[in-house]
Amino acid sequence: MDSVAVLILVIALVAVALVASVAGLLVSRRRKPAPLPESRTGVITRPPEEVEQPPVEAGAPPATVEPAAPEAPVLERPEGTASRLVRLRQRLAGSQGALGRGLLALLSRDRLDEDTWESIEDTLLTADVGVAPTQELVERLRTRLRVEGGPVDARAVLREELLTLVGPDMDRRLQVSGSDGHPGVVLVVGVNGSGKTTTVGKISRILVAEDRSVVLGAADTFRAAAVEQLATWGERVGVDVVRGPEGTDPASVAFEAVKEGIDTGADTVIVDTAGRLQNKAGLMDELGKVKRVIEKQVPVTEVLLVLDATTGQNGLIQARVFSEVVNVTGIVLTKLDGSAKGGIVVQVQRELGVPVKLVGLGEGADDLAPFDAGAFVDALLG
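Residues numbered from 1 in each chain as written. Predicted model: local features only at pLDDT ≥ 70, side-chain atom pairs only at ≥ 80, totals over all residues. Heavy atoms only, no water.

Enquirer: Describe in detail the overall build of the chain, supporting the description with residues and values.
Expert: Looking only at helices and strands, the chain has twelve helices and eight strands in total. A total of 382 residues make up the chain; the buried ones form 42% of that total. The long-range fraction of contacts in the chain, counting pairs at least 24 apart against all pairs at least 6 apart in sequence, stands at 78%. A total of about 21200 Å² of accessible surface is found on the chain, and carbon and sulfur atoms cover 56% of it. (Helix = DSSP H or I, 4+ residues; strand = E, 2+ residues; numbered from the N terminus. Buried < 20%, exposed > 50% of the residue type's maximum accessible area, 1.4 Å probe, protein only. Contact = heavy atoms within 4.5 Å. Areas by Shrake-Rupley, 256 points an atom, 1.4 Å probe, with all protein chains shown as cover.)

Okay, structure coming up:
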């Protein structure tokens, strides 16, 4: 009986073991992960492979992209003096010929009575020749025509007398060179509206055309527009422009411009100045200060007064005041084309005792030419 019980117990244990092993297999099968789905859908592309980057040193600044260098501006080549003189004759002949034609018509009359001489005087006065020069010219014409007698070439006589009146022997050279290796200094003065800043730019073009190195000083610091205008003139021909903030002391800008001219070995320094109303004593004193400050370094070799040729008597008043302050050495007549009356050349020279050296005949960049007495008289006669 005992053996039977033992056998039953053994069979029970074996059965329990079999059941446990079967249960373990079922659990392990349930925990096995399902296979992954196909991932190649054809929509998501394969990411690019990483490119190995060069090592970056510790503390090195981040890489920057260098901006492209701006293209160098194309510099203009100004017109030479010879071609300017050709255009001077052409333009003067077109704008000033009425005076000469009127005089020739009167002098060619069969009988030169007092009424005719009065008409000649009126013609000259209307052209802004001035009272004293007009009386001198009429007196010389009357004397020559009376003494020479007979048929005379009225045009030839008139040309000779007008040329004498204009002053063919006056020294009209621009003093743009200094001494002892220093630059020449040209001080340009005049009231606002006369074309002063534009004239400074145009003079620089004349000098560049002659292969001279130039520095411009923008000392008209009361007008920001004048400073910008001068900077534009300089950029067009590759000329340095010394400038300061609006309202800067004009004398300090002029001083720095001359200093740069000395340091760089420039041939000429041209200084633009303030041109507000000339009847304000403080401003005129300031102009005198500019000249004195410049001459602490080098002498001023030329003082050019810019006058609007259309202003007539008002321009003469300006000329007197400026000449008292800065000792004007030459005159630039702008706007001599169109309505300007050519006789102003004679009158302003008589008033100041200094020559007209340059004339402006238009708005173009190269419409400024050295004054030539013979060409001017020929243009007056048409």
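Enquirer: Before we move on, could you go through the packing of helix α3 (residues 114-126) against helix α4 (residues 131-148) and cite the residues and values that matter?
Expert: Interhelical geometry of α3 versus α4 gives an angle of 145° and a closest axis separation of 9 Å. Where α3 crosses over α4, the handedness of that crossing is right-handed. Here Glu114, Trp117, Ile120, Glu121, Leu124 and Leu125 of α3 come into contact with α4, specifically with Val131, Thr134, Leu137, Val138, Leu141, Arg142 and Leu145. When the residues that make up the contact of α3 with α4 are grouped by side-chain class, the tally is nine nonpolar, one polar and three charged. (Axes fitted to C-alpha atoms, helices over the stretch in contact; angles between N-to-C directions. Left-handed = near helix turned anticlockwise from the far one by under 90°. Nonpolar A, V, L, I, M, F, W, Y, C, P; charged D, E, K, R; others polar.)

Enquirer: Any chance you could break down the side chain of threonine 268 for me, citing the residues and the numbers?
Expert: On the secondary structure map, threonine 268 appears in strand β4 (residues 268-272). Polar contacts involving the side chain of threonine 268 include one to the main-chain carbonyl oxygen of valine 176, which spans 2.8 Å. Look past the residues within four positions of threonine 268 in its chain and what remains in contact with it is Val176, Pro183, Gly184, Val186, Leu207, Arg212, Ser213, Val214 and Val215. (Polar contact = N/O pair within 3.5 Å; in protein donor to acceptor, adjacent residues only side chain to side chain.)

Enquirer: Which residues make up the packing of aromatic side chains, and what values do they have?
Expert: A complete count under the given rule lists one aromatic pair for this structure. Ring geometry for phenylalanine 371 and phenylalanine 376: centres 5.2 Å apart, planes at 50°, overall tilted. Phenylalanine 371 sits in the buried class, given a relative accessible area of 6%. The ring of tryptophan 233 is capped by arginine 236, whose NZ or CZ atom sits 5.1 Å from the centre of that ring. (Phe/Tyr/Trp six-rings, centres within 6.5 Å; stacked < 30°, edge-to-face > 60°. Lys NZ or Arg CZ within 6 Å of the ring centre and 35° of its normal.)

Enquirer: Lay out the pattern of salt bridges in plain terms, naming residues and giving numbers.
Expert: Evaluation of the coordinates by the stated rule reveals 20 salt bridges. Glutamate 160 is the partner of arginine 144 in a salt bridge, and the nearest nitrogen-oxygen pair spans 2.6 Å. Of the two residues, arginine 144 sits in helix α4 while glutamate 160 sits in helix α5 (residues 154-166), which places them 16 residues apart along the sequence. Since its relative accessible area comes to 42%, glutamate 160 is described here as partly exposed. Overlapping salt bridges, with partners in common, bring together Glu136, Arg140, Arg144, Glu160, Glu161 and Arg350 in one network. (Salt bridge = Lys/Arg side-chain N within 4 Å of Asp/Glu carboxyl O.)

Enquirer: Could you give an account of the nonpolar core, naming the residues involved and the relevant values?
Expert: Counting residues in each nonpolar core, the largest one holds 70 residues, and the members touching the most others are Ile294 and Leu333. Counting residues per element, this core draws most heavily on α5, at seven residues. In contact with isoleucine 294, not counting residues within four places along its chain, are Val185, Leu187, Ala254, Val258, Val271 and Val300. Core analysis: the next-biggest nonpolar cluster, separate from the first, contains 21 residues, Ile206, Leu207, Ile270 and Leu368 among them. (Core = buried A, V, L, I, M, F, W, Y, C linked by side-chain atoms within 4.5 Å.)

Enquirer: So what's going on with the sheet that holds β4? Residues and values would help.
Expert: Within a sheet, each strand pairs with its neighbour through backbone hydrogen bonds, oriented either parallel or antiparallel. Across the sheet, which stays open at both edges, the eight strands sit in the order β3-β2-β4-β1-β5-β6-β7-β8 with mixed pairing between neighbours. At either margin of the open sheet sits one strand with a lone partner, and together these are β3 (240-242) and β8 (368-370). The mean angle between the axes of side-by-side strands here comes to 25°, regardless of whether they run parallel or antiparallel. Sheet topology places strand β5 (residues 302-308) next to strand β6 (residues 330-334); five bridges connect them, and they run parallel. What sits directly across from aspartate 308, in β6, is threonine 334. Helix α8 (residues 250-264) contacts β1 (184-189), β2 (214-218), β3 and β4 of the sheet and is inclined by roughly 165° relative to β2. Across the face of the sheet, helix α11 (residues 344-352) comes into contact with β5, β6 and β7 (356-360) while running at roughly 155° to β6. (Pairing = 2+ DSSP bridges.)

Enquirer: Give me the environment of proline 133: which residues, what numbers.
Expert: Position of proline 133 relative to the elements: it lies in helix α4. On the basis of relative accessibility, which here comes to 5%, the residue proline 133 falls in the buried class. Here the alpha-carbon distance between proline 133 and arginine 350, two residues 217 residues apart in the chain, equals 8.2 Å. If we skip the residues at most four places from it in the chain, proline 133 touches Leu165, Val346 and Arg350.

Enquirer: Help me get a handle on α4, residues and values and all.
Expert: Over its 18 residues, α4 runs 26 Å from end to end, which matches the ideal 26 Å to within 8%, given 1.5 Å per residue. All buried positions along α4 are accounted for by Pro133, Thr134, Leu137, Val138, Leu141, Arg144 and Leu145. Along the axis of α4, the buried residues cluster in a sector spanning 135°; they form a single face. Turned more than 90 degrees away from the buried face of α4, the exposed residues are Val131, Gln135, Arg146 and Val147. (Expected span 1.5 Å × (residues − 1). Arc of directions from axis to C-beta.)

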